[in-house]
Amino acid sequence: MVAIGPDGKITDVNNSTENVTGYTRNELIGTDFSDYFTKPEEAREGYKEVFREGFVRNYELEIKHKDGHLTPVVI
């Protein structure tokens, strides 16, 4: 779980997000949500759609872990 504001800045995360990204909660809060994906522009469009439409479905992306490995996710 990742909570973000309309500007795309992370406001809170859970332990799973820390595990998937390799970053701590404190490192993640205040940073740009889209920076943790292999295709940041697509992640940015996804969160903008959520704020515009109220939801997004089956939005496939890959998260980049701090050590370089990738995790596919569906938002």
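Residues numbered from 1 in each chain as written. Predicted model: local features only at pLDDT ≥ 70, side-chain atom pairs only at ≥ 80, totals over all residues. Heavy atoms only, no water.

## Section: the overall build of the chain
Right, so step 1: Of regular secondary structure, the chain possesses three helices and four strands.
Right, so step 2: Along the chain, helices and strands appear, N-terminal first, in the series β-β-α-α-α-β-β.
Right, so step 3: At 11 Å, the chain has a C-alpha radius of gyration in line with the 11 Å of a compact globule built from 75 residues.
Right, so step 4: If one aligns the C-alpha atoms of the chain with their principal axes, the spans along those axes are about 35 × 20 × 20 Å.
Right, so step 5: Within the chain, the fraction of its 75 residues that count as buried is 28%.
Right, so step 6: Relative to all contacts within the chain whose residues are 6 or more apart in sequence, the contacts with residues 24 or more apart total 33%. (Helix = DSSP H or I, 4+ residues; strand = E, 2+ residues; numbered from the N terminus. Rg over C-alpha atoms; globule rule 2.2 N^0.38 Å. Buried < 20%, exposed > 50% of the residue type's maximum accessible area, 1.4 Å probe, protein only. Contact = heavy atoms within 4.5 Å.)

## With respect to the pattern of salt bridges
Right, so step 1: Following the criterion strictly, the structure yields four salt bridges and no others.
Right, so step 2: With a shortest N-O distance of 2.8 Å, Arg25 and Asp12 are connected by a salt bridge. Of this pair, Arg25 sits in helix α2 (residues 25–28) while Asp12 sits in strand β2 (residues 10–13), and the two are 13 residues apart along the sequence.
Right, so step 3: For Asp12, a relative accessible area of 27% gives the class partly exposed.
Right, so step 4: One salt bridge connects Glu53 with Arg52, and the closest N-O pair in it is separated by 3.6 Å.
Right, so step 5: Since its relative accessible area comes to 49%, Glu53 is described here as partly exposed.
Right, so step 6: A cluster of three or more residues bridged by salt bridges with shared partners is formed by Glu45, Arg52 and Glu53. (Salt bridge = Lys/Arg side-chain N within 4 Å of Asp/Glu carboxyl O.)

## A look at the nonpolar core
Right, so step 1: Among the nonpolar cores identified, the biggest contains 13 residues, and Ile4, Ile10, Leu28, Phe33, Phe37 and Leu61 are the most heavily contacted of them.
Right, so step 2: Put simply, the parts of the chain that give this core at least two residues each are β2, α3 (40–53) and β3 (60–64).
Right, so step 3: Contact partners of Leu28, with chain neighbours within four places excluded, come to Ile10, Val13, Thr17, Thr21, Tyr23 and Tyr36. (Core = buried A, V, L, I, M, F, W, Y, C linked by side-chain atoms within 4.5 Å.)

## A look at the pairing of β3
In regular strands, side chains alternate between the two faces of the sheet.
Right, so step 1: Along β3, the buried face is formed by Leu61 and Ile63; none of Glu60, Glu62 and Lys64, which line the opposite face, is buried.
Right, so step 2: Where β3 and strand β4 (residues 70–74) come together, five bridges link them in antiparallel fashion. Counted as the bridge partner of Glu60 is Val74 from β4.
Right, so step 3: Between β3 and β4, which follow one another and run antiparallel, lie five residues, and Gly68 among them has a positive phi close to 105°. (Pairing = 2+ DSSP bridges.)

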